[in-house]
Each structure stands twice: as structure tokens, then as C-alpha cells.
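What follows is each chain in one-letter form.
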Amino acid sequence: MKRKNAQLLLLVTLTISVPPLIISQLAAPVSFASFAQQQDPEYSCPMHPEVKSKKAGSCAKCGMTLKPKSAEPDSASSGGENSASSRFPNVELLTQDGKKVRFYDDLIKGKVVAIELMYTTCKYNCPLETARLVQVQKLLGDRMGKEVFFYSITIEPEIDTPKVLKAYAEKYRIGPGWTFLTGKEADIKLLSRKLGLDFLPNPNDPDGHTPSLLIGNDATGLWARNAALDNPKFLALKIEQMIGYGARPANTVAANEAKAVKLNIDKGQYLYATRCAACHTIGNGDKVGPDLLGVTNVRDIKWLRRIIMEPDKLIEEKDPLATSLFIKYKQIRMPRLGLPEADVNTLIEYMRTQSARVANREKVGTQN
Ligand code: HEC
């Protein structure tokens, strides 16, 4: 029974996470509800559910403390009997401004939404996901807060109080229509299970994509799960399709264009665009992180490799350069993205050629 459910969810997950632009109906609420009742006497990582252990400890992938999967009451204050609210428990959460809200009634009902799980002390993918959503937010412009709403729910509520979340939101210059949420641990666990965001297979995708963003339209009942690390243009497009679903055809021209771009660019450019561009530019000034123009000329190559591969270790070791950058950039972390060394070398090469190209362009004074 348990296996069957797992397979069912796996299937659903695979179906709805196939890129690009596949929109699909979530499974009947039943399959999610029965999931929630399972008792599994294991520990697992909130960010990497595939990491499981019989003992307490920390996640081999990200170092986060493993959480017991058993003894999680499914009784969290869910309300209502209708299918939407059993899929989306109506638990009480707190916004970054300390306002009490009901998950379904206040945040989901009748709306187009994007939901991500995160935690502010994350050294790995979450800072990139948040930065990427900032790009999506920009692309959606003034539809944010009117036609579409973003929710970032912390999975570390004991640390991420409203105050902490507010400071985090300010660092990333979060705009209207995007709410950070905390609450009771049991309620948040229940939520992440019901949203299917805690039980995703991670087939060791070489790109390291972690599907952890759920976008949907409560009014139409259409939901899709995406890698939050996806190209922001794709994400914005998918969200726009959610908004316009049924009302107007999908913007296929833009979709095809985006697809072509994604397929034709070289590896370095692709890695840079999907992993780095949310926080950096090469020659267009500082963003969340420093402008990388010429960085390959002024930094030692070994140090460069390390700041890309294990920035958290450099900070732990009190590396003076990494520490001063960390302070200068308002203590936003350069995230540890788990890239293999070959990709890091490709990226360094990309930064080098791109910097040369920008410098050259300035010399010649042309547009391209
Ligand atoms: C979530 C935002 C974010 C992402 C994503 C990100 N960085 Fe950074 N990066 C930073 C910040 C912030 C700093 C400043 C140091 C710090 O605060 O840790 C930094 C610093 C750096 C530095 C050092 C700059 C210098 O002046 O020496 C390099 C090199 C770098 N990042 C490269 C990359 C590459 C390559 C990627 C993609 C694989 C990437 N970064 C992804 C935020 C980010």
C-alpha cells in the first residue's frame, strides 16, 4: 500500500515536472491525504527527502539536521471538508509582518500562486531560488500582488521568526505580492506533505535541479511543480499561462523562442544563466552579489574555484577576502550550489571570455 502510494506520487511528480510548459492536474486529494497518515520511523532531511537515516544526525548533502518523520500528528488545525481545503490545509501561519493568516482561506483561495519552501540559514540552493524568484517577480511586473502571489514558507520555523523573515525579504528587495511565512512546525510539515514539496524524487539530475516550486491556480484547479532553479523567463511564462488559462491561448511564440535559446546556448552560458545570473552580472554592475567583470584576472584561480564550490567553508575559515565580501554584500551568502568541478572550470572559463568580450566591446565602442 505504502509502496503503491509512493509510486503513484512519483508518477504524478514525473508527469508534472517534465519541462517545459506542461501543466497538469494534481492527483486527487485522496492520495495526498493518505500520505499524511503514514508513519515512518525514520529521519530525513527537510531539503533532501531522499536522504534517510535510522538515526538522528545531519544530511550528507547539505548538513541540515535530520528531522524525525514519525510522530507527526496529522491533526494540525486543518479546517473544512471540501476537497480544496483538504488538499491545502487551512493552517494558521504568520507573515513576515507578524500578521496571522489562514493558509487556504487567505493565501490560496481563488488565486494564482507560486509556493516555495526555504529557510534563511540555507547555504545551498535556497538563496539562488529566492534570487531567481526575484527575477520572475520583475518579469511579472505589476501583476504581482494583483493577479499572482508568491509564498515562501520556512521549514525552520523555530529559527525563522517573522522578524528574521522580514530582514531576509528586505535583503533580497522583495516586492509587493510576495509573502514570507512561518508557523508551527507540525503545521508546516503537514503543509509541505500535502503540497507534495517534501516527497520529491531527486534523480541526481546532473544539473542539480530540485523541483521545489509549486505553481497553480486555485480557481481552475491546475497545478504544476517546477524546478525553482529553472530559467526565470520560463517560470514567468508558466505563471502567466496559469493566470490566462482558459482566457487566452498560451504565448507559444515566446515559449518556442525561449526553448530555442535554452537549447542553443553553450554549456558555460547555460550554467551561468541558470546558476549565477540571478545574483551577478558581468559588466553590468552589482546585483545581489558583486559584478564579476574581470574577476578571473584579479583573483587567484584556486580561490575562485573554492568560492564557487565551497563558499561557506571560506567564511568558516575566516578567509579575509571572502569575509569582507560577505560583509559588503549585506551578509547575503554566495550559495554552495553543489556544482561538480568540471562545471566550475567551465564557469571560470565563461567568466574569463565574457569579461574579455565586454572589455573588447568597450574598447571598440559597439553595441555587441
Ligand atoms: C544567491 C545569490 C548568488 C548566487 C546564485 C551566486 N552568487 Fe556568487 N556571490 C554572491 C554574493 C552575495 C557574493 C559576495 C560574497 C558573499 O557574500 O559570500 C558572491 C561572490 C562571488 C564571487 C567572488 C567575487 C569577487 O569579487 O571575488 C564569485 C567569483 C562568484 N560569486 C561567482 C559565482 C558564480 C560562478 C555563481 C554561479 C555558479 C554564483 N556566484 C552564484 C551571491 C550569489
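Not measured: the values here are computed from a predicted model. (Residues numbered from 1 in each chain as written. Predicted model: local features only at pLDDT ≥ 70, side-chain atom pairs only at ≥ 80, totals over all residues.)

Draft legend 1. Region of the structure containing the overall build of the protein. Secondary structure summary: the protein contains 15 helices and 11 strands in total. The burial tally for the protein puts 37% of its 368 residues in the buried class. Long-range contacts, defined as pairs at least 24 residues apart, comprise 65% of the intrachain contacts of the protein with a sequence gap of at least 6. (Helix = DSSP H or I, 4+ residues; strand = E, 2+ residues; numbered from the N terminus. Buried ≥ 20, exposed ≤ 12 C-beta atoms within 10 Å, placed from the backbone. Contact = placed C-beta atoms within 7 Å.)

Draft legend 2. Main features of the packing of helix α5 (residues 126–140) against helix α8 (residues 232–244). The geometry of α5 relative to α8 is characterised by a closest axis approach of 9 Å and an angle of 55° between their N-to-C directions. For the element pair α5 / α8, the angle class is oblique. Considering how the two elements wind past one another, α5 and α8 form a crossing that is right-handed. Along the contact surface, α5 presents R132, Q135, V136, L139 and L140, while α8 presents P232, K233, L235, A236 and I239. In terms of residue class, the contact of α5 with α8 is made up of seven nonpolar, one polar and two charged. (Axes fitted to C-alpha atoms, helices over the stretch in contact; angles between N-to-C directions. Parallel < 35°, antiparallel > 145°, perpendicular 65-115°, else oblique. Left-handed = near helix turned anticlockwise from the far one by under 90°. Nonpolar A, V, L, I, M, F, W, Y, C, P; charged D, E, K, R; others polar.)

Draft legend 3. Representation of the environment of T182. Tracing the backbone shows T182 in strand β9 (residues 178–183). Given 27 C-beta atoms within a 10 Å radius, T182 is considered buried. Spatially, the C-alpha atoms of T182 and L94 are 5.3 Å apart, while their sequence positions differ by 88 residues. Apart from residues lying up to four places away in sequence, T182 is in contact with L93, L94, T154, P157, D160, T161, P162 and L165.

Draft legend 4. Molecular detail of the site of the ligand. Lining the immediate environment of the ligand, one finds 27 residues, of which P127, C276, C279, G289 and M334 sit closest. At the level of elements, α5, α10 (267–276), α12 (301–309) and α14 (320–328) are the ones that each hand at least two residues to the shell around the ligand. Taken together, the residues of the shell around the ligand break down into 22 nonpolar, two polar and three charged. No fewer than three residues from each of domain 1 (2–38 + 72–250) and domain 2 (267–364) sit in the shell around the ligand. (Near = placed C-beta within 6 Å. Domains from an automatic or database assignment.)

Draft legend 5. How the structure looks around the pairing of strand β7 (residues 112–118). Along β7, seven of the seven residues are buried, which leaves the element largely enclosed by surrounding structure. Residue alternation in β7 divides its side chains into two sets, V112, A114, E116 and M118 and V113, I115 and L117, and both sets are buried. Bridge count for β7 against strand β8 (residues 148–154) is seven bridges, and the pairing is parallel. Looking across to β8, one finds that E116 is bridged to S152. In the classification by handedness, the crossover that spans β7, the intervening α5 and the parallel β8 is right-handed. (Pairing = 2+ DSSP bridges. Right-handed = clockwise from strand over helix to strand, strands pointing away.)

Draft legend 6. Local environment of unusual backbone geometry. Unusually for a residue other than glycine, R173 sits at a positive phi of about 50°. Tracing the backbone shows R173 in the loop between α6 (162–171) and β9.

Draft legend 7. How the structure looks around the confidence of the model for the protein. Across the protein, the average pLDDT comes to 75, with 70% of residues at or above 70. Across residues 246–253, where pLDDT falls below 50, the model places four contacts with residues more than four positions away in sequence or in other chains. Every residue in residues 260–264 scores below 50 in pLDDT, and together they form one contact with partners more than four places removed in sequence or on other chains. (pLDDT = per-residue confidence, 0-100.)

Draft legend 8. Representation of the pairing of β8. Of all seven residues in β8, six are buried, a share of seventy percent or more. Judged from the four bridges that link them, β8 and β9 form a sheet pairing that is parallel. Its bridge partner being in β9, S152 is matched across the sheet by F180. For the handedness criterion, the β-α-β arrangement of β8, α6 and β9 is classed as right-handed.

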